[in-house]
Number of protein chains: 4
Amino acid sequence: MIIRIDQKSNEPLYLQLRSQIIASIAQGTLEPGDALPSVRSLASDLGINLHTVNKAYAVLRDEGYVVMRGRSGAYVADPADHGPAQTEAGLARMDEALFALALEYRAHGGPQEEFVARAAAQAERAYKEER
Amino acid sequence: MIIRIDQKSNEPLYLQLRSQIIASIAQGTLEPGDALPSVRSLASDLGINLHTVNKAYAVLRDEGYVVMRGRSGAYVADPADHGPAQTEAGLARMDEALFALALEYRAHGGPQEEFVARAAAQAERAYKEER
Amino acid sequence: MIIRIDQKSNEPLYLQLRSQIIASIAQGTLEPGDALPSVRSLASDLGINLHTVNKAYAVLRDEGYVVMRGRSGAYVADPADHGPAQTEAGLARMDEALFALALEYRAHGGPQEEFVARAAAQAERAYKEER
Amino acid sequence: MIIRIDQKSNEPLYLQLRSQIIASIAQGTLEPGDALPSVRSLASDLGINLHTVNKAYAVLRDEGYVVMRGRSGAYVADPADHGPAQTEAGLARMDEALFALALEYRAHGGPQEEFVARAAAQAERAYKEER
DNA sequence: GTGGTCTAGACCACG
DNA sequence: GTGGTCTAGACCACT
């Protein structure tokens, strides 16, 4: 699993970490049941603080992507048992985000079909890579 | 132009303002050349701080959506005049955002076609409303 | 609002704080829209760390009891707009907890009616005090 | 006696074990005087550590649910033999728990009668199953 | 050794 | 001045 953090970005480190782990799950680098690195080891690998990794893991747990087995570490959750509440909240957020992006595209003068084509292209990229 | 600010949201006020103005431009409520409300009047209308409105306008200017004509106020820019650099930067950000969303969707176990369908549905919504 | 923390308890401080604030909301000491003390002032009042208060507030926010207005502090949420997802998750947890308590009571040899009577008595207490 | 442990839960294993054994006692699967499985066999059956089972048994002993007869193992205690101190301590804990739950319910805006009805429903469930 | 919790002190975006 | 984020270092419960 390759994780790259940009210390200079204004996106919070723990959110960068979250995104990267979600990407790894999406692309199959991490499969359901796989163990994530321990907070300590990942923190030292990335040169960031333990608590930052901890927060990223906590967010992923709250979003249903991983489960924490207090005893032995963090594991990738099976998408099949994401709670429906989590899923619905996630879909609502996603629709909102897509809507905002579409509005921005329109405000720039871009036509509707082009926006959809762009979304399709990115979907292609997200669903093709590394698996 | 109807602007609604949600004081309870965790999204910064100036970004909410930015989104709402972009939405107005997208939906034609604001057309190229139109004057935006003055910072003072908009701030008092919304019951928020002058600085907040100012910051929103500055962001919109940096993104090419509006032009500031010195003392006479802010005006909606013509999409045709957007500098190519701004446009490209915007497109890159948008592609990145779409890619991240697609990855999240895939990580949740959703199929590619469904993601595209969702994007298309939101585009429909963004391109239909109010014009 | 009277908050009392027991440093010696094995219950985590942030959870004690959470319970106390929920109690204040339940009993009307805190009403929807009221401002909570700032994390800094509450932390210093209670003689605990700022981050501990912060975590308690974050939990309460996630559970829908309070809303954070990044700018001006934390406010008591209106129960009317607790998200249904949060409410349902809460009810499920509550039912589970009640079930576990009932089982314990039965294992001790106590009859069903007595358990219900006890629950009713505690409800009486919770719904009567301070309002 | 059917014991099911959820490795994914964030509840400590030894507490899950404790709850399950209490449930078995409550529902009559385990009756006063019955022998509990040996620490070794239960640990290997559940695929967990010896220490974990041991700790669960120790907690149950402290709470008066089981008695340890030296080398011959653990036996289900007769509720009649529960020391009054243990019983009272247990009742106090239970009342506290019920009170906290009632407060949470009230803070969410739920009416008193509904809370009692919920408690009664869970009692029904706890007192009906498996006997 | 693992995550959970707490303390301490710092900087930043926001308003 | 507010909460959000990050760093640092410590102790504890659980396995």
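About the thresholds
- Residues numbered from 1 in each chain as written.
- Chains lettered and ligands numbered in written order.
- Predicted model: local features only at pLDDT ≥ 70, side-chain atom pairs only at ≥ 80, totals over all residues.
- Heavy atoms only, no water.
- Near = heavy atom within 4 Å.
- Polar contact = N/O pair within 3.5 Å; in protein donor to acceptor, adjacent residues only side chain to side chain.
- Domains from an automatic or database assignment.
- Contact = heavy atoms within 4.5 Å.
- Buried area = accessible area lost by both parts, 1.4 Å probe.
- Nonpolar A, V, L, I, M, F, W, Y, C, P; charged D, E, K, R; others polar.
- UniProt positions renumbered as here; feature names shortened; annotations may be inferred.
- Helix = DSSP H or I, 4+ residues; strand = E, 2+ residues; numbered from the N terminus.
- Core = buried A, V, L, I, M, F, W, Y, C linked by side-chain atoms within 4.5 Å.
- Buried < 20%, exposed > 50% of the residue type's maximum accessible area, 1.4 Å probe, protein only.

### With respect to the protein's contact with DNA strand E
Reasoning step 1: Lining the immediate environment of DNA strand E, one finds 24 residues, of which His51 of chain A together with Leu13, His51, Thr52 and Arg71 of chain C sit closest.
Reasoning step 2: Restricting the count to atoms of DNA strand E within 4 Å of the protein gives a sugar and phosphate share of 74%.
Reasoning step 3: In the environment of DNA strand E, a base nitrogen lies 2.7 Å from a nitrogen or oxygen atom belonging to the side chain of histidine 51 of chain A.
Reasoning step 4: Lysine 55 of chain B is positioned with one of its side-chain polar atoms (N or O) 2.7 Å from a phosphate oxygen of DNA strand E.

### Regarding the domain arrangement of chain A
All names here are of chain A.
Reasoning step 1: What the domain assignment reports for chain A is domain 1 (13-78) and domain 2 (83-130).
Reasoning step 2: Counting from both sides, the interface comprises 7 residues of domain 1 and, opposite them, 5 residues of domain 2.
Reasoning step 3: At the boundary of domain 1 with domain 2, total buried surface from both sides reaches about 420 Å², with 26% on carbon and sulfur atoms.
Reasoning step 4: Connecting domain 1 to domain 2 are 0 residue pairs in polar contact (both at pLDDT 80 or more).
Reasoning step 5: Of the residues belonging to the side of domain 1 that touches domain 2, the class tally is no nonpolar, 3 polar and 4 charged.

### Quick notes on the UniProt feature "domain: HTH gntR-type" (unreviewed entry) in chain A
Reasoning step 1: In this structure's numbering, the residues bearing the UniProt feature "domain: HTH gntR-type" (unreviewed entry) are residues 11-79 of chain A.
Reasoning step 2: The distance separating the terminal C-alpha atoms of residues 11-79 of chain A is 26 Å; by composition the span is 51% helix and 12% strand.

### Overview of the nonpolar core
Reasoning step 1: With 73 residues, the main nonpolar core has Leu17, Ile21 and Phe115 of chain C together with Leu17, Ile21 and Phe115 of chain D as its most contacted residues.
Reasoning step 2: When sequence neighbours within four positions are dropped, the list of residues in contact with leucine 17 of chain D reads Ile3, Ile5, Leu42, Leu46, Ile48, Val53 and Ala56 of chain D.
Reasoning step 3: Of all hydrophobic cores here, the second largest spans 71 residues; its members include Leu30 and Val76 of chain A together with Tyr65 and Phe115 of chain B.

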